[in-house]
Each structure stands twice: as C-alpha cells, then as structure tokens.
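Observations on chain architecture
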Amino acid sequence: MAIHENLLGGPPPTHLPDDPEPRELLASGAAPAEVAAKYPASSLAWAQLADDAFEAGRTVESYAYARTGYHRGLDALRRSGWKGHGPVPFEHEPNRGFLRALHALARAAQAIGEQEEYERCSTFLRDSSPTAADTLG
C-alpha cells in the first residue's frame, strides 16, 4: 500500500505547482511587500505580510493580508484541480503559502472577534492538512 493512499475514496491530495522565486526572495531577506508586489499571486508573500503585521500588533492589516493570500491560494488550488475539499498536504512545500495564509486568517479573525470565521478557517485548515494545523498552531 502506498503512503498517503486514500482509503476512504475521497479526492486525491492537491499539490500546487512550485513557484520558487517568491520563496527564494523571502528566504534571502527581501521585503515581503516587494515580493507581493512582484508576485501578487503568491500566497506565501501575503502570508508573510500577515504574520509580520500580526506580530507588530496590526491585526486588521494582518486580516487583510491573510484574506488576500487565502483567496490567491484558492484560485491556485482550483487551477490545480481542487474541487472545494480534500487534502492539501503541508508536506508539499508549494502548498505552505496557502496553508499559512489560511492559518493567519483564522488567527486574525479570532483576534478581531469574528468567531464564526475563526472556526470555519480553523476547521478548513485541519481538514486540509492536520500537519499544518499542528505545525502552525
């Protein structure tokens, strides 16, 4: 039996295509705002902006960045064959930008009192990738 074989008959895992340029720029210390401006479809750049804003106490700004990254990620998932549910493995590095944006959106929603959105995003994160939910906190 193959690892990650779906025994329940659900959809196969979605693996986003690799987009190394934004990841490499961020890893080299480039400003996330510059990376997001150059690569606006990069959920990873938006997730980093959301994390930076949240850490600086700019919760509403974090929420907005996270929402942008989340929606850019949904677009990418759909282009990759995702049908609205199913695994989005954290183990596949190109998926991490979307998953980080989803986590950041849940975190910011909770911080501004949007309990329903916090619960929806937290459930979506855990359903998509239990590893991401556990890793991102």
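This text gives an overview of the structure that appears in the document. (Residues numbered from 1 in each chain as written. Predicted model: local features only at pLDDT ≥ 70, side-chain atom pairs only at ≥ 80, totals over all residues. Heavy atoms only, no water.)

Remarks on the nonpolar core
Note that soluble globular proteins tend to have their nonpolar side chains buried in a common cluster. Under the convention used in this document: Buried residues of nine kinds, namely Ala, Val, Leu, Ile, Met, Phe, Trp, Tyr and Cys, make up a nonpolar core once their side-chain atoms join them within 4.5 Å. Here the term buried applies to any residue with accessible area under 20% of the maximum for its type, exposed to any over 50%, and partly exposed to those in between, with areas from a 1.4 Å probe on protein chains only. For the purposes of this entry, the term helix denotes a DSSP run of H or I that reaches at least four residues, the term strand denotes a run of E that reaches at least two, and both are numbered from the N terminus. Any two residues whose heavy atoms approach within 4.5 Å are treated as being in contact.
Tyr-70, Leu-74, Leu-77, Phe-98, Leu-99, Leu-102 and Phe-124 are the most contacted members of the largest nonpolar core, which has 24 residues in total. Listed by contribution, the elements that provide at least two residues to this core are helix H4 (59-79), helix H5 (96-111), helix H6 (115-128) and helix H7 (130-136). Element by element, the count of residues in this core is highest for H5, at eight residues. Those residues within four positions of Leu-99 in sequence are excluded, and the remaining contacts are Val-88, Pro-89, Phe-90, Leu-125, Ser-128, Ser-129, Ala-132 and Leu-136. Judged by nonpolar contacts, the second largest core, of seven residues, contains Leu-26, Ala-36, Leu-44 and Trp-46.

Points about the packing of H4 against H6
The test is simple: Orientation is described by lines fitted to C-alpha atoms, with helices fitted over the stretch in contact, and by angles between N-to-C directions that extend from 0 to 180 degrees. Under this scheme an angle from 65 to 115 degrees is roughly perpendicular, one under 35 degrees roughly parallel, and one over 145 degrees roughly antiparallel; angles in between are oblique. If you view the pair so one helix is near and one far, a crossing is left-handed when the near helix is turned anticlockwise from the far one by less than a right angle, and right-handed when it is turned clockwise.
Running from N to C, H4 and H6 point in directions that differ by 40 degrees, and their axes come no closer than 14 Å. With respect to their mutual orientation, H4 and H6 come out oblique. As for the relative orientation of H4 and H6, their crossing is left-handed in sense. From H4, Tyr-63, Arg-67, Tyr-70 and Leu-74 reach across to H6, where they touch Glu-117, Arg-120 and Phe-124.

These figures capture arrangement, not role.
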